[in-house]
Amino acid sequence: MLESTVAAIRPLDEAAMAAARELQGRLTKPAGSLGALEPLSVRLAGLADACPPPLPEPAAVAIFAGDHGVHAQGVTPWPQEVTAQMIANFLAGGAVVNAFARQAGASVTVVDVGVATPIPGADEPGDPAGPRLVAANVRPGTRDMTVTAALTRDEARSAVETGIRVAGELIDAGAGILLTGDMGIGNTTPSATLIAAFSGVDAEAATGRGTGVDDETYARKVAVVRAALARHEPDPADPLGVLATVGGLEHAALTGLILGAAARRVPVLLDGVIAVSAAVAAAAFAPDAVGAMVAGHRSAEPGATAALRHLGLEPLIDLGLRLGEGTGALLALPVVTGAVRVLHEVATFDSAGVAEK
């Protein structure tokens, strides 16, 4: 599945992009007056092989959840059980991602790809119209990457292919855009390690304070990232190997989600540092997958900026967010929709009878 998905990813369509640029030039507005929205609309036309591209709706948020063996190194003060507890909160509709999803009219799918502890209430029937849980647990959390590889290659592949399957299911159900979400206590540590491995930045430049750790914990976290990189010497030319040695199950599954969407020519709106660490892995599998990626926001985590620079992507909003869950992507969704709606609904100078300069 992974190989056929990667093989299906192709470059953006140049003819559709040329048509979108030409249309932008005829709309009743000064050329370039919509700033970053104009090249975004052009890129989405190239992804869809059509001008104008379809409106990116309905939106579907996929939250991949997993736990991390590196938690044992004291990289976060939060107990590991919070991962499962927050999933229960997602399913009950009580998290920030739920509030923003309701505002945006987006569906929420939570995928247990590697949670280590039981999810409260997972066996109870939920609201059929509410968030749904997909049980796809590859293993109960990763191993400690400072001691051994976090995952075997087969486990990493299974998680990537879970993400590909979820992307296909959501698109087959009608989703016009996918939004990345994540949950996993300690997951900013493997995110930093992945970003350093793929982009070449130093461990300290890739590592942030996550949930807001103190100086002592932050120093420990940087040391853990350095130790994992030194132990495994991950090769960015082998993205599956990098995900296996220093990644997380949710990172691998998000990588698959991005690849699956790119293969189906559907845009993926990236959230924060966990999502962009998966995005650099997806780009290592298939460089043309970047054409399907839209950077929703700039995470406060420094590694996110390093990863976006590596991908050549500019975020749509910058609000100092560092929550994850998919929240920043949801806030950026109306910007993406607006960029496409302009091509559908704004009159041209000729049709409106407006004189050009």
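Above this text sits the structure in question.
Calculation notes
Residues numbered from 1 in each chain as written. Predicted model: local features only at pLDDT ≥ 70, side-chain atom pairs only at ≥ 80, totals over all residues. Heavy atoms only, no water. Buried < 20%, exposed > 50% of the residue type's maximum accessible area, 1.4 Å probe, protein only. Helix = DSSP H or I, 4+ residues; strand = E, 2+ residues; numbered from the N terminus. Arc of directions from axis to C-beta. Contact = heavy atoms within 4.5 Å. Salt bridge = Lys/Arg side-chain N within 4 Å of Asp/Glu carboxyl O.

> Tell me about helix H5 (residues 96-104), residues and numbers included.
Among the residues of H5, Val97, Asn98 and Ala101 are the ones counted as buried. Seen along its axis, H5 keeps its buried residues to an arc of 100°; they face one direction. Exposed side chains of H5 directed beyond 90 degrees from the buried face belong to Arg102 and Gln103. The secondary structure elements touched by the buried residues of H5 are strand S1 (59-66), helix H4 (82-92), strand S2 (107-114) and helix H14 (327-345). Directly beyond the C-terminal end of H5, a positive phi value near 70° is found at Gly105.

> Tell me about the pattern of salt bridges, and please be specific about residues and values.
Under the definition given, this model contains 17 salt bridges. One salt bridge connects Arg153 with Asp238, and the closest N-O pair in it is separated by 2.9 Å. Pair noted here: Arg153 is in helix H6 (residues 153-172) and Asp238 is in the loop between helix H9 (215-232) and helix H10 (239-246), with a separation of 85 residues, a long-range link. Given the relative accessible area of 42%, Arg153 is considered partly exposed. Owing to a relative accessible area of 25%, Asp238 belongs among the partly exposed residues under this scheme. Salt-bridge contacts for Glu216 lead to Arg220; the nearest nitrogen and oxygen are separated by 3.3 Å. One end of the pair is Glu216 and the other is Arg220, both in helix H9 and four residues apart, which spans about a single turn. By sharing partners, the salt bridges in this structure join Glu3, Arg157 and Glu161 into a single network.

That is the geometry; function is a separate question.
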